[in-house]
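Observations on chain architecture
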Amino acid sequence: MFKALRKFLRYIKKKFVQERRMSFDGFEYSESRGLPDSNLKDGKLLLTGSAQKPKWLSFKCPCGCGNVVSLNLMESHYPAWSVTFEKRGLTVSPSVDVTTCGSHFWIRNNQISWVS
């Protein structure tokens, strides 16, 4: 019962209180991962590693909760995401499911498509 109530309250908070981001403003590279929080800018995607072979994609959760999301881009580790560079931005596959705040979305050409 309490789990369902918490989930419902998180849903209400996201829908009516916090401003959801609908796109990212671009991306930047960083050679070293270091402390991801210190390198992150609101609305920016941060690729860590070399430009030819990035290892991590980090960003602040677009729901506005403030959580830092780090996606593994290395195929040798599980789970792994892939990034495609396109004219209008980055596309990430598969979708991003942030379990800490309950956000679930796709990133396509830097645009965020929310999964209800």
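1. Remarks on the pairing of strand β6 (residues 89–98)
Counting buried positions along β6 yields seven of 10 residues, so the element is predominantly enclosed. For strand β5 (residues 82–86) and β6, the ladder comprises five bridges, and the chain directions are antiparallel. Its bridge partner lying in β6, Phe 85 is registered against Leu 90. What sits between β5 and β6 in their antiparallel hairpin is a turn of two residues. Looking at chain direction, β6 and strand β7 (residues 103–108) are connected through four bridges and run antiparallel. Each residue of the ladder has a partner; that of Val 92, found in β7, is Ile 107.

2. Remarks on the nonpolar core
Grouped together as the largest cluster of nonpolar side chains are 21 residues, with contacts concentrated most on Leu 57, Phe 59, Leu 71, Val 96 and Phe 105. Of all elements in the fold, only β2 (45–49), β3 (54–60), β4 (68–72), β6, β7 and β8 (111–114) reach the threshold of two or more residues within this core. Looking at this core element by element, the count peaks at four residues for β6. Not counting the four nearest positions on each side in its chain, Phe 105 is found in contact with Phe 59, Pro 62, Ser 95, Val 96, Val 98, Ile 112, Ser 113, Trp 114 and Val 115.

3. Remarks on the sheet that holds β7
Each strand in a sheet pairs with its neighbour through backbone hydrogen bonds, running either in the same direction (parallel) or in the opposite one (antiparallel). An order of β5-β6-β7-β8 is seen for the four strands of this open sheet, with the pairing classed as antiparallel. Of all the strands in the sheet, the pair left with one neighbour each is β5 and β8. Each strand axis lies, on average, 25° off the axis of its neighbour in the sheet, ignoring direction. With four bridges joining them, β7 and β8 adopt antiparallel strand pairing. Each bridged residue has a counterpart across the sheet, and for Trp 106 the counterpart in β8 is Ser 113.

4. Some details on the environment of Leu 57
Looking at the element boundaries, Leu 57 is found in strand β3. Taking the relative accessible area as the measure of exposure, Leu 57 reaches 0% and is therefore buried. Excluding its chain neighbours within four sequence positions, the residues that come into contact with Leu 57 are Leu 45, Leu 46, Leu 47, Val 69, Ser 70, Leu 71, Leu 73, Val 83, Leu 90 and Val 92.

The rules we used
Residues numbered from 1 in each chain as written. Predicted model: local features only at pLDDT ≥ 70, side-chain atom pairs only at ≥ 80, totals over all residues. Heavy atoms only, no water. Buried < 20%, exposed > 50% of the residue type's maximum accessible area, 1.4 Å probe, protein only. Helix = DSSP H or I, 4+ residues; strand = E, 2+ residues; numbered from the N terminus. Pairing = 2+ DSSP bridges. Core = buried A, V, L, I, M, F, W, Y, C linked by side-chain atoms within 4.5 Å. Contact = heavy atoms within 4.5 Å. Axes fitted to C-alpha atoms, helices over the stretch in contact; angles between N-to-C directions.

Honestly, it's all geometry; don't read function into it.
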